[in-house]
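Each chain, letter by letter, is given below.
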Amino acid sequence: MLKLKSPHEIKELQLCLEASETSRPCISVCAGSGCKASGADNVLAALHKEIEKRGLKGTIDIKSTGCHGFCEKGPVMIVWPEKVFYNGVSLSDAKDIVNSVTNGHKPVEKLLYKDPNTGKRVLHENDVPFYAGQKRILFGNNGKLDPKDIRDYIKVGGYAALGKVLTDLKPEEVVAEVKAAGLRGRGGAGFPTGMKWEALRKSPVKPRYIVCNADEGDPGAFMDRSLLEGNPHSVIEGIIIGGYALEAQEAYVYVRAEYPLAVEHLSHAIAQAESAGLLGDNILGSGLSFRVHVVQGAGAFVCGEETALLASIEGKVGEPHPRPPYPVQKGLWGKPTVINNVKTWASVPVIINRGSEWYSSIGTEYSKGTMVFSLVGKINNTGLVEVPMGITLREMIYDIGGGIPNGKKLKAIQIGGPSGGCIPASMIDLPIDYEALTTAGSMMGSGGMVVMDEDTCMVDVARYFMEFLEEESCGKCFPCREGTQHLKEILTRISQGKGTEADLELLEDAGWMIKETSLCGLGQTAPNPVLSTLRYFKDEYLAHIREKRCPAKVCRELIVYEIEATVCDGCHACVKVCASDAILGEKEKPHEIESGKCIKCGACIEVCRPKAVLVH
Amino acid sequence: MPTLKINGIDVEVEKGTTVLEAARFLGIPIPTLCHEDGLTPYGACRLCLVEVSNGRKKTLQASCCLPAEDGLTVWTHSSRVERARRLLIEMYVSVCPSSKRIQDMASAMGVREVRYAAKDENCIQCGLCVRTCEQQMMAGAIGFSGRGLNRSVTRPFDITSPECRQCGACLYVCPVCESRCQGPQAETTLCNGCLNISTVCFQSYDNAMCFLDPCHACEIAGPFRSDVQVKPRSKEFTHIVEK
Amino acid sequence: MKVATMPQVEMEKVEPLLEQYESRRTNLIPILQEVQDTYRYLPQEVLRKISQKLRVPMTEVYQVATFYRCFSLVPRGRHVIQVCLGTACHVRGAPRVLDRILRDLKMAGPGTTDDLQFTVETVRCIGCCGLAPVARVDNSHTHPHLTQAKVGGMLKKYEAKTEPAAPAQSDEASHAKA
């Protein structure tokens, strides 16, 4: 049973683990939610079986690790010690993989990443373009450790920062270090973390509380989930350091209900840390007492807003409070509380270990450090990306992201979730930092980056976000509750070809009003998707209004499905899947769609091999 | 005793006073819908918003929830505030056109058209009924349920609570229960749609309901404002969306 | 959504549940989550008992029970299909997949089938955006890269069984609890 009684013992253990590291081959398979859904568990099972069968147990290790980030190509794995990177692995590859390890480590060619530009196979993870442009100071360890084994974390230097803090730094000095590093809240608003911590220390009221916001509700964002699933100790360590710096005894991690695996791994890690003497009373013999509790959300996006989150922990509905007073003055149960995002907490040990000077050398003048994005949507390389602040969108989309699939043109990049806005393709050289994004009408948010191509209708995107927000609004204040409904109503009419030009002015007025008068951040940023699409894609709105045409051919009332007779081979596949029996035709002869019956569900397009179904 | 500046006037108030109370003490009219003396402030209607400066930034904040503090600078009728209130009340009228109180506010703020599709709800979720039942009547028989567009004031499980004493306080305190007059052109979303008539309606129509307290729109349509020519609202703005 | 009769509620399960949590207001949501997991919905009788035990007014318990999406006041189906309508999934065609699922189950909108076999819900992002469009069944089996064509096969898997399925054997879709 692992039991650490002093910071010194952590260092000892780390050296011991490093020394005992053999050159034994180890296959570390990504078992994050993404790869799991792609069948990683089957791959793991097949590998275990193969090794068992060949009597190689004890000669080759198999480890299941956290999310490596390259979800598009999952399941992924790394074979140590050569660090060979395999992607798109299936259970039938188990034999070949084990063979490659036993037969002089010759890699399995077909599982290596193939660079679409050069056509060449890449051996190591670092050479894969997706990873080459990244700077993974938070996520880098995900591929090296089993999230359920605290020893793996200690081996890579885990809990060394906690040890350092307890022996060398006073609480105020920790706060000063975080402030000097220029760390800004990674939850969305980007408030300087050091300043928040300083403000809390000014209050004489006790007890104080620490909260970790893991309610990652932005659709399209899953960074926090991957960090909690893949390296929960990094977050726990940050929180304990926070507890020391802010003289708090208890922390609550609020994880949304939709992340059961994250809750499981986090709870497991907390239990391990407790039994190791890193949580509980008299941590590492320092006299510090600290406990971390896991609280589950219950399905409400608004609970990502800090005051709503606190209300939820208190057992109430997630209704935000007006601020001031801020949580550092009056938070959980009326006591001073610091709430920070998962990535913010995970950044703290990194800053302590490597110093504020090093940290602040990364990034731009006002946005320091790295930012984690979930790069998703119409992009070749979907997954999690950690980059230094200041990188341009062009590098993100083309160098790391691998460009747009199927040869389509980039249209817009939606950053910041429903509170953010769409950046048009023309602004692709925009550097990513807090201020630049806000000036452009968007927002950093918690890091969701959704790529949209020419087949995306911006009016539909705006309507989609309003539909999301009208359901997720807590409903307390009038402008947000009613305003989001009205915005959606107007956008729906426009998407159906029933809009007028006066509606555009109305959207601007209503948007301004909702921004200015809403009670909380959800309402205050709710109009952003509408306002940003109006700003950059007005011509699309006008096409819907003046010409009753949807340029991207998405809005159902404005499109017609038609079968191109010269292309159709009469295979009858579409008739079988047609939802409304709208397709007529005999086998071997060209078919026809009755537009009156067609509901444009798209099932026929899916199955048509010669691509004879056209959309007008 | 904190001292704050409201519209350029210094005012010293008791600790714990809100900016709304301080402004009203000075005689400055600030519109509210969800506020009631004797109940805890709620901050939901957003009409009491004022522009506040802390030295660096100017923000809009609900005066009913804002404690008066030293050094606070407040403007209650800046152009930003007035624009916000006007746009807000325009949306209120579209949501609840049958409310006399809302129609009067809209007329007073000079709202001339309602551009939103009209709904015909009879609740603005100001929470006065819930808070009155809980805090003044000590019953707590009704409450909010749901979220966002599905939020409403209900009885739990749609069954009258045993706590309900049928006192009627909820009806009494509701700001939108009082209907506007059923006079001419009552289907228009906005009351001053009948601004084009110069006499008060009950003199012309036998069966029009009226009040001792004439509707604001009719007041300002009276002889003092006969110089104002307002065209009747076109049919475009009269569609009522059935829920 | 019609439910013919509410099943008789087994109240014996409630006491031990409440014992486990201290009767504090702050534990209201975890308690409701346990009730939801146990009964597949929040029965009225149980809510009244909780209101009593925790000394929280019934209106507030009801407000919490109806505010959060995890809770349901009517029984949920044996298999809960959550279709993700997050931004990435939306952009990759999730609404059409949802429509197909509803059509196949002959449902007008999200809800529960009359035979209580399926509940179809929309969820905003389960965090598998790289595999959009995604649906998750019974909070454990994630089905990636869904297309309308795959819907039929996916539904068939759950139609025959009466209890939440043991991990299926297919390569593409299984997910065993770690």
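Rules used in this analysis
- Residues numbered from 1 in each chain as written.
- Chains lettered and ligands numbered in written order.
- Predicted model: local features only at pLDDT ≥ 70, side-chain atom pairs only at ≥ 80, totals over all residues.
- Heavy atoms only, no water.
- Helix = DSSP H or I, 4+ residues; strand = E, 2+ residues; numbered from the N terminus.
- Contact = heavy atoms within 4.5 Å.
- Areas by Shrake-Rupley, 256 points an atom, 1.4 Å probe, with all protein chains shown as cover.
- Buried < 20%, exposed > 50% of the residue type's maximum accessible area, 1.4 Å probe, protein only.
- Domains from an automatic or database assignment.
- Polar contact = N/O pair within 3.5 Å; in protein donor to acceptor, adjacent residues only side chain to side chain.
- Salt bridge = Lys/Arg side-chain N within 4 Å of Asp/Glu carboxyl O.
- Buried area = accessible area lost by both parts, 1.4 Å probe.
- Axes fitted to C-alpha atoms, helices over the stretch in contact; angles between N-to-C directions.
- Parallel < 35°, antiparallel > 145°, perpendicular 65-115°, else oblique.
- Nonpolar A, V, L, I, M, F, W, Y, C, P; charged D, E, K, R; others polar.
- Core = buried A, V, L, I, M, F, W, Y, C linked by side-chain atoms within 4.5 Å.
- Phe/Tyr/Trp six-rings, centres within 6.5 Å; stacked < 30°, edge-to-face > 60°.
- Patch = residues over 30% accessible without salt bridge, like charges linked within 9 Å, V, L, I, M, F, W, Y side chains within 5 Å.
- Lys, Arg positive; Asp, Glu negative; His and termini not counted.
- Charge placed at Lys NZ, Arg CZ, Asp CG, Glu CD.
- Pairing = 2+ DSSP bridges.
- Arc of directions from axis to C-beta.

**A short note on the overall build of chain C**
At step 1: For chain C, the helix and strand inventory stands at 7 helices and 5 strands.
At step 2: Listing the helices and strands of chain C from first to last along the sequence gives α-α-α-α-β-α-α-β-β-β-β-α.
At step 3: For chain C, long-range pairs separated by at least 24 residues make up 64% of all intrachain contacts whose partners lie at least 6 apart in sequence.
At step 4: For chain C, the accessible surface area stands at approximately 7700 Å², while carbon and sulfur atoms represent 51% of it.

**Thoughts on the overall build of chain B**
At step 1: Scanning chain B for helices and strands turns up 6 helices and 7 strands.
At step 2: Going through the 243 residues of chain B one by one, you find that 51% of them count as buried.
At step 3: A separation of at least 24 residues holds for 59% of the contacts in chain B among residues at least 6 apart in sequence.
At step 4: In the structure as shown, chain B presents an accessible area of about 12400 Å², 52% of it carried by carbon and sulfur atoms.

**Let's talk about the domain arrangement of chain C**
At step 1: Looking at chain C, the domain boundaries give domain 1 (8-67) and domain 2 (79-158).
At step 2: Here domain 1 of chain C and domain 2 of chain C have C-alpha centroids that lie 29 Å from each other.

**Side note on the side chain of A:Thr337**
Residues and elements named next belong to chain A.
At step 1: Checked against the element boundaries, threonine 337 lands in strand 10 (residues 337-341).
At step 2: Residue threonine 337 is classed as buried on the basis of its relative accessible area, which comes to 0%.
At step 3: One polar contact links the side chain of threonine 337 to the main-chain carbonyl oxygen of lysine 335, over a distance of 2.8 Å.
At step 4: Not counting residues within four places of it along the chain, the set of residues in contact with threonine 337 comprises Leu200, Tyr209, Val211, Leu310, Pro327, Val328, Gly331 and Leu332.

**Concerning the pattern of salt bridges**
At step 1: On inspection of all chains with the given rule, the structure shows 52 salt bridges over all chains.
At step 2: The partner of A:Asp93 in a salt bridge is A:Lys110, with the nearest N and O atoms 2.9 Å apart. Of the two residues, A:Asp93 is situated in the loop between strand 4 (84-86) and helix 4 (94-102) and A:Lys110 in the loop between helix 4 and strand 5 (113-114); the sequence distance between them amounts to 17 residues.
At step 3: Across the salt bridge formed by A:Lys110 and A:Asp96, the nearest N and O atoms sit 3.8 Å from each other. A residue pair is termed long-range when its members are at least 10 positions apart, and A:Lys110 in the loop between helix 4 and strand 5 and A:Asp96 in helix 4 qualify at 14 residues.
At step 4: Through salt bridges that share partners, A:Arg256, A:Glu258, A:Glu472, B:Arg147 and C:Arg69 make up one connected network.

**Some remarks on the interface of chain C and chain A**
At step 1: On the chain A side, the residues contacting the 46 residues of chain C number 71 residues.
At step 2: Across the chain C to chain A interface the summed buried area is about 4600 Å²; carbon plus sulfur atoms make up 50%.
At step 3: Of all residues in chain C, C:Thr87, C:Arg96 and C:Arg124 bury the most surface against chain A, accounting for 15% of the area lost on that side.
At step 4: Counting across the interface, chain C meets chain A through 3 salt bridges.
At step 5: Salt-bridge contacts for C:Asp99 lead to A:Arg556; the nearest nitrogen and oxygen are separated by 3.3 Å.
At step 6: Seen at the junction of chain C and chain A, the total is 23 residue pairs in polar contact (both at pLDDT 80 or more).

**Remarks on the packing of helix 10 (residues 223-230) of chain A against helix 14 (residues 342-354) of chain A**
All names here are of chain A.
At step 1: Axis separation between helix 10 and helix 14 bottoms out at 9 Å; the angle between their running directions is 50°. Here helix 14 runs oblique to helix 10, going by the angle between their axes. Facing Met223, Asp224, Leu227 and Leu228 of helix 10, the residues of helix 14 in contact are Val342, Lys343 and Ala346.
At step 2: Partitioned by chemical class, the residues of the contact of helix 10 with helix 14 number 5 nonpolar, no polar and 2 charged.

**Observations regarding the nonpolar core**
At step 1: By size, the foremost hydrophobic cluster in this structure holds 155 residues, and its most contacted members are A:Tyr159, A:Trp197, A:Ile239 and A:Leu278.
At step 2: Broken down by element, the residue count for this core peaks at 8 residues, all from helix 11 (residues 232-246) of chain A.
At step 3: Once residues lying within four places of it in the same chain are set aside, the contact partners of A:Leu278 are A:Leu4, A:Ile10, A:Ile150, A:Tyr159, A:Leu162, A:Ile240, A:Ala273, A:Ile283 and A:Leu284.
At step 4: Listed in part, the 111 residues of the second largest apolar core include A:Leu504, A:Leu542, B:Leu33 and C:Ala65.

**Concerning the packing of aromatic side chains**
The geometry of an aromatic ring pair comes down to the distance between the two centres and the angle between the two planes.
All names here are of chain A.
At step 1: Going through the model one piece at a time under the given rule, you end up with 18 aromatic pairs over all chains.
At step 2: Measuring from ring centre to ring centre gives 5.5 Å for tyrosine 209 and tryptophan 333, while their planes differ by 70°; the resulting arrangement is edge-to-face. Taken together, the positions of tyrosine 209 in strand 7 (residues 209-214) and tryptophan 333 in the loop between helix 13 (306-313) and strand 10 put the pair 124 residues apart, joining distant regions of the chain.
At step 3: A residue is classified by how much of its surface remains accessible, and tryptophan 333, at 32% relative accessible area, is partly exposed.

**Quick word on a nonpolar patch on the surface**
At step 1: The grouping of B:Ile9, B:Phe25 and B:Leu26 at the surface amounts to a nonpolar patch, some 300 Å² of accessible area in total.
At step 2: Its location among the elements puts B:Ile9 in strand 2 (residues 9-12).

**As for a negative patch on the surface**
All names here are of chain A.
At step 1: Residues Glu562, Glu564, Glu592 and Glu594 make up a contiguous surface patch of negative charge.
At step 2: Mapped onto the elements of the fold, glutamate 564 is located in the loop between strand 16 (561-563) and helix 24 (573-577).
At step 3: Overall, glutamate 564 belongs to the partly exposed group, its relative accessible area being 32%.

**Points about the sheet that holds strand 5 (residues 141-143) of chain C**
All names here are of chain C.
At step 1: A sheet is described by the order of its strands in space; here 5 strands give the open sequence 2-3-1-4-5, paired in mixed fashion. The sheet is open, and its two edges are formed by strand 2 (111-112) and strand 5, each paired on a single side.
At step 2: In the sheet, strand 2 pairs with strand 3 (residues 118-123) via 2 bridges, with the strands oriented antiparallel. Opposite glycine 111, over in strand 3, you have valine 120 as the bridge partner.
At step 3: Sitting on the sheet, helix 6 (residues 94-104) touches strand 1 (79-84) and strand 3, and the angle it makes with strand 3 is about 165°.
At step 4: Against the sheet, helix 7 (residues 148-159) touches strand 1, strand 3, strand 4 (135-137) and strand 5, its axis set at about 160° to strand 5.

**A few points about the sheet that holds strand 12 (residues 383-388) of chain A**
Residue and element names in this part refer to chain A.
At step 1: Strand order in the open sheet formed by 5 strands is 12-11-15-13-14, with mixed pairing between adjacent strands. At either margin of the open sheet sits one strand with a lone partner, and together these are strand 12 and strand 14 (421-424). Neighbour-to-neighbour, the strand axes of the sheet open up by a mean angle of 30°, direction not taken into account.

**Quick notes on the interface of chain A and chain B**
At step 1: Across the boundary between the two partners, chain A contributes 32 residues, which contact 29 residues of chain B.
At step 2: Buried surface at the junction of chain A and chain B, both sides included, amounts to about 2800 Å², of which 58% is carbon and sulfur.
At step 3: Considering only the surface of chain A that becomes buried against chain B, A:Phe478, A:His486 and A:Trp512 emerge as the three largest contributors, covering 23% of it.
At step 4: At the junction of chain A and chain B, the tally comes to 6 salt bridges.
At step 5: Residue B:Arg80 is joined to A:Glu516 by a salt bridge in which the shortest nitrogen-to-oxygen separation is 2.5 Å.
At step 6: Inspection of the region where chain A meets chain B yields 17 residue pairs in polar contact (both at pLDDT 80 or more).
At step 7: Of the residues contributing to the side of chain A that touches chain B, the split by class is 12 nonpolar, 8 polar and 12 charged.

**Here's the deal with unusual backbone geometry**
Residues and elements named next belong to chain A.
At step 1: Cis geometry marks the peptide bond from tryptophan 80 to proline 81, where omega comes out at 5°.
At step 2: Along the chain, the position of proline 81 falls in the loop between strand 3 (77-80) and strand 4.
At step 3: Backbone torsion omega between lysine 206 and proline 207 reads 0°, so that peptide bond is classified as cis.
At step 4: Assignment of secondary structure puts proline 207 in the loop between helix 9 (193-202) and strand 7.
At step 5: A positive phi is found at aspartate 581, a non-glycine position, where the angle reads about 50°.
At step 6: Tracing the backbone through its elements, the reader meets aspartate 581 in the loop between helix 24 and strand 17 (583-584).

**Looking at helix 3 (residues 44-54) of chain C**
Residues and elements named next belong to chain C.
At step 1: Every buried residue of helix 3 is listed here: Val46, Leu47, Ile50, Ser51 and Leu54. In an axial view of helix 3, the angular spread of the buried residues amounts to 140°, which keeps them on one side of the axis.
At step 2: Those residues of helix 3 that are buried lie in contact with helix 1 (14-20), helix 2 (28-39) and helix 4 (58-67).
At step 3: Backbone geometry just after helix 3 places arginine 55 at a positive phi near 55°.

**Notes on the packing of helix 7 (residues 160-168) of chain A against helix 11 of chain A**
Residues and elements named next belong to chain A.
At step 1: Two elements in contact, helix 7 and helix 11, have axes whose closest approach is 9 Å; the angle formed by their N-to-C orientations is 10°. With respect to helix 11, the axis of helix 7 lies roughly parallel. Facing helix 7, whose interface residues are Ala160, Ala161, Leu162, Val165 and Leu166, helix 11 presents Glu237, Ile240, Ile241 and Tyr244.
At step 2: By residue class, the composition of the contact of helix 7 with helix 11 is 8 nonpolar, no polar and 1 charged.

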